[in-house]
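# Chain and residue survey
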Amino acid sequence: MILQNFIVFEGIDGAGTSTQLKKLTEKIRNDKLFITAEPTNLPTGVFLRRMLKGEFSVDEKTAAYLFASDRCEHVFGRDGIIEHIHAEKIVVSDRYLFSTLAYQSVSCGEDLPQLLNSIFPLPQILFYFRINPEISFKRVLARGEKPEIYENTGFLQKTAALYDKIMKKYDGTALAESMQLVTIDASKPIEETAEIIWSYLKKLPILGM
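These figures come from a predicted structure and were not determined experimentally.

## A word on the overall build of the protein chain
What the protein chain contains, in helices and strands, is 9 helices and 5 strands. Radius of gyration (C-alpha) of the protein chain: 16 Å, near the 17 Å computed for a compact globule of 209 residues. Its C-alpha atoms put the protein chain at 45 × 35 × 35 Å along the principal axes. The proportion of buried residues among the 209 residues of the protein chain is 50%. At a minimum sequence separation of 6, the contacts of the protein chain that also span at least 24 residues come to 78%. Carbon together with sulfur atoms contributes 52% to the accessible area of the protein chain, which is approximately 10,500 Å² in total. Of the side chains in the protein chain, 25 bear a positive and 27 a negative charge, and the two mean positions are spaced by 3 Å.

Structure, rendered in structure tokens:
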């Protein structure tokens, strides 16, 4: 199932997805745009963010279930993705099920994340921010904050490889149905990347452009 007017930004930590979300607010009116992220700001997501900061640890299989639970509320719950789409808004999410398929598969294998995320709808457009893990990790360190548990070069290299594998699986196959996959060189300048993204989004009928 494809959710029309649902857009997802994906990529490893430091790929620049959050920066591009901010740039998007300069292009689309607030009443037409709902920006969100995973983990969410819901209680499920707050719990996950504490885990990612290393405040406590859980089994990797438990983490996969927790991410799927947060996503379920994000999509189907009150004030969630579907509700905003029904209100005729473009919903743009920083991370979605593809993150779980990449990150959690590093630690607990691919089968469980695929099973847990098989119920969720796909976005209309998926922007995959592809970047060298060494470059992305330098960006993470430049934030001046303590890196999260998955933010190290070894883990990011494995995650980047899985991201590439996942995108090949979806690109031009029946799995993607009518989802449009756009791969972006995330090492390009911010403004150039923003224009590439806008070249796709401005074509959405909901914007009436």
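## Some words on the environment of lysine 89
When you line up the elements, lysine 89 lands in the loop between helix H4 (81-86) and strand E3 (90-94). With 57 residues separating them along the chain, lysine 89 and lysine 146 place their C-alpha atoms 35 Å apart.

## Observations concerning the nonpolar core
Counting 61 residues, the largest nonpolar core has Ile7, Phe9, Ile90, Phe98, Phe127 and Leu201 as the members making the most contacts within it. If you tally residues by element for this core, the top one is helix H8 (residues 153-170), at 8 residues. Those residues in contact with phenylalanine 127 that lie beyond four places of it in its chain are Ile7, Val8, Phe9, Glu10, Val182, Ile184, Ile197, Tyr200 and Leu201. Ala64, Ala68, Leu112 and Leu116 belong to the second largest nonpolar core, which has 5 residues in total.

## Concerning the packing of aromatic side chains
Under the counting rule described, the total for this entry stands at 13 aromatic pairs. Taking the centre distance of 5.9 Å and the plane angle of 80° together, the rings of phenylalanine 127 and tyrosine 200 count as edge-to-face. One end of the pair, phenylalanine 127, is in strand E4 (residues 122-130); the other, tyrosine 200, is in helix H9 (residues 190-201), and 73 residues separate them in sequence. The interplanar angle of 15° and the centroid separation of 4.7 Å between the aromatic rings of tyrosine 150 and phenylalanine 155 together place this pair among those described as stacked. For the pair formed by tyrosine 150 and phenylalanine 155, the shared burial category is buried. Put simply, the rings of Tyr103, Tyr128, Tyr150, Phe155 and Tyr163 touch in pairs and so form one group of aromatic residues. Over the aromatic face of tyrosine 96 sits the side chain of arginine 71, whose NZ or CZ is 5.8 Å from the ring centroid. Lying across the ring of tyrosine 200, lysine 203 places its NZ or CZ 5.7 Å from the centre.

## A short note on H9
The α-helix advances 3.6 residues per turn, and as a result positions three or four apart in sequence lie on the same side. With 12 residues, H9 extends 17 Å between its outermost C-alpha atoms, agreeing within 8% with the 16 Å of an ideal straight helix rising 1.5 Å per residue. Of the positions making up H9, those classed as buried are Thr193, Ala194, Ile197, Trp198 and Leu201. One face of H9 carries all of its buried residues, which in axial projection span an arc of 135°.

Criteria and thresholds
- Residues numbered from 1 in each chain as written.
- Predicted model: local features only at pLDDT ≥ 70, side-chain atom pairs only at ≥ 80, totals over all residues.
- Heavy atoms only, no water.
- Helix = DSSP H or I, 4+ residues; strand = E, 2+ residues; numbered from the N terminus.
- Rg over C-alpha atoms; globule rule 2.2 N^0.38 Å.
- Buried < 20%, exposed > 50% of the residue type's maximum accessible area, 1.4 Å probe, protein only.
- Contact = heavy atoms within 4.5 Å.
- Areas by Shrake-Rupley, 256 points an atom, 1.4 Å probe, with all protein chains shown as cover.
- Lys, Arg positive; Asp, Glu negative; His and termini not counted.
- Charge placed at Lys NZ, Arg CZ, Asp CG, Glu CD.
- Core = buried A, V, L, I, M, F, W, Y, C linked by side-chain atoms within 4.5 Å.
- Phe/Tyr/Trp six-rings, centres within 6.5 Å; stacked < 30°, edge-to-face > 60°.
- Lys NZ or Arg CZ within 6 Å of the ring centre and 35° of its normal.
- Expected span 1.5 Å × (residues − 1).
- Arc of directions from axis to C-beta.

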